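Observations on chain architecture
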Amino acid sequence: MNLLEKSQEVRKVFDDLDIEIRAFIGASNLSCIPGCGFCCSNPKVSASALEFLPLAFELYEKGKAEKAMELLEQKGEQDYCILYKSMSYDNGLGFCSDYNNRGMICRLFGSASRKNKEGKKEIITCKKIKEGKKDWYEKASKAVNEDMTVPSSSGAYTQLYNIDFQLTAEQMPINRAIKKAIEAVLTFKYYSENQEPEVPENF
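A brief look at the structure comes next. (Residues numbered from 1 in each chain as written. Predicted model: local features only at pLDDT ≥ 70, side-chain atom pairs only at ≥ 80, totals over all residues. Heavy atoms only, no water.)

Here's the deal with the nonpolar core
Put simply, the rule reads: As used in this record, nonpolar core signifies buried Ala, Val, Leu, Ile, Met, Phe, Trp, Tyr and Cys residues forming a set joined through side-chain atoms within 4.5 Å. Burial classes: relative accessible area under 20% of the type maximum marks a residue as buried, over 50% as exposed, and values in between as partly exposed (1.4 Å probe, protein chains only). Throughout, a residue-residue contact means that at least one pair of heavy atoms, one from each residue, lies within 4.5 Å.
F52, M104, L108, L160, I178 and I182 are the most contacted members of the largest nonpolar core, which totals 35 residues. Those residues in contact with F52 that lie beyond four places of it in its chain are A47, L83, N101, R102, G103, I174, A177, I178 and A181. If you look at the next biggest cluster of nonpolar residues, it comprises 11 residues, including I129, A143, M148 and V150.

This is how it looks when you write it as structure tokens:
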């Protein structure tokens, strides 16, 4: 697969995952607290370049890739995701400015499970949801080990590994992952759009 095809496969994974997430939220009543951006403001969030290929291609098609690169060049390792728009002094309130193109961890957090040491499913979520939606969280934690369907974080990442292991395995700060994805798309577009057409042998 070329880079565009890999991006399209990532989009398919995201679309299918979004359906599973909506079903889980509907069954569990668990979702992020409206307006809360506490997790998004964490500069230690890591991601892979592969999961941001859809974002990078969309930025390129809209003529915004170069501007995004300039912004990323200004950001350091201690800066939160460029897609996050803070609405408070402490950055705890805000929203994602490109929700459709958010990364894998952004999709899974609060709406997926992992296996604990005992082999049981545990919902990957934050302290704010555990405390703010305590009853629903406790009910859902029990239900996912009985009959409630919940997306698997390992299963979701396995799908990305199957598209491109190398681009998925290398986890890095989220802004660096976005930057690497845009760089890859810019290089891909440069060579694909400047490639000379092949001349037939008997021309």
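Some details on unusual backbone geometry
Which entries qualify depends on this criterion: Labels follow the DSSP assignment, with helices taken as runs of H or I lasting at least four residues and strands as runs of E lasting at least two, numbered in each case from the N terminus.
Although it is not a glycine, N29 sits at a positive phi angle of roughly 65°. Positionally, N29 belongs in the loop between α1 (3-28) and β1 (46-47).

Section: helix α9 (residues 174-193)
It helps to recall that an α-helix has 3.6 residues per turn; residues three or four apart then point in one direction. The line we're drawing: By this rule, a helix spans an expected 1.5 Å times one less than how many residues it contains.
A rise of 1.5 Å per residue sets the reference length of α9, with its 20 residues, at 28 Å; its end C-alpha atoms lie 28 Å apart and thus fit the reference within 8%. Residues of α9 that are buried in the fold lie against α1, β1, α2 (53-61), α3 (65-74), α4 (104-108) and β6 (172-173).

Quick notes on the layout of surface pockets
To keep it simple, the criterion reads: In the cavity and pocket records, a cavity denotes points on a 1 Å grid over the protein atoms alone where a 1.4 Å probe fits but cannot get out, a pocket denotes an open set with protein on both sides within 12 Å along at least 5 of 7 lines, and lining residues are residues with an atom within 4 Å of a point. Grid points are joined across faces, edges and corners, and a volume is the space filled by probe spheres set on the points. Residue type decides the class: Asp, Glu, Lys and Arg count as charged, Ala, Val, Leu, Ile, Met, Phe, Trp, Tyr, Cys and Pro as nonpolar, and the leftover types, Gly among them, as polar.
Each pocket or cavity is described by its volume, and for the largest pocket that value is around 1,000 Å³. In this structure, the largest pocket is lined by 38 residues; those nearest its centre are C32, C39, C40, C106 and F109. For the lining of the largest pocket, the secondary structure elements donating two or more residues are α1, β3 (94-96), α4 and α5 (127-132). The element best represented in the lining of the largest pocket is α1, accounting for 4 residues. For the second largest pocket, the lining is made up of 13 residues, of which L59, K64, A68, L83 and S97 are closest to its centre. If you list the elements that add at least two residues to the lining of the second largest pocket, you get α2 and α3. Here the lining of the second largest pocket is composed, by residue class, of 6 nonpolar, 1 polar and 6 charged.

Examining the packing of α1 against α2
Condition: Inter-axis angles, ranging from 0 to 180 degrees, are taken between N-to-C directions of lines fitted to C-alpha atoms, where helices are fitted over the stretch in contact. Each angle is binned into one of four classes, with values under 35 degrees roughly parallel, values over 145 roughly antiparallel, values of 65 to 115 roughly perpendicular, and all other values oblique. Two helices that cross are described as forming a left-handed crossing if the nearer one is turned anticlockwise from the farther one by less than a right angle, and a right-handed crossing if clockwise.
In contact at an axis separation of 8 Å, α1 and α2 are set at 120° when each is read in the N-to-C sense. In terms of their interaxial angle, α1 and α2 are classed as oblique. The handedness of the crossing between α1 and α2 comes out as left-handed. Residues L3, L4, K6, S7, V10 and R11 of α1 form the contact with α2, whose own contacting residues are L53, P54 and F57. Residues of the contact of α1 with α2, tallied by class, amount to 6 nonpolar, 1 polar and 2 charged.

Quick word on the packing of aromatic side chains
Put simply, the test is: Between the rings of Phe, Tyr and Trp (Trp by its six-membered ring), a pair exists once the centres lie within 6.5 Å; its type follows the angle of the planes, with under 30 degrees stacked, over 60 edge-to-face, and the other angles tilted. A ring is scored as having a charge over it whenever the NZ atom of a lysine or the CZ atom of an arginine sits within 6 Å of its centre and within 35 degrees of its normal.
Going through the model one piece at a time under the given rule, you end up with 4 aromatic pairs. When the centroid spacing of 5.9 Å and the interplanar angle of 80° are considered together, the rings of F57 and F188 count as edge-to-face. With F57 in helix α2 and F188 in helix α9, this residue pair connects regions lying 131 residues apart in the sequence. Of note, R102 hangs over the ring of Y99, and the distance from its end group to the ring centre comes to 3.7 Å. Across from the ring centre of F38, 5.3 Å away, lies the NZ or CZ of K128, which sits over that ring.

Things to note about α3
To keep things clear, this is the line we draw: The arc in question is traced by the directions running from the helix axis to the C-beta atoms.
Those residues of α3 lying buried are A65, A68, M69 and L72. Projected down its long axis, α3 shows its buried positions confined to an angular sector of 100°, all on one face. More than 90 degrees from the buried face of α3, the exposed residues found are E66, K67, E70, E73 and Q74. Buried residues in α3 make contact with α2 and α9.

As far as function goes, none of this settles anything; it's purely spatial.
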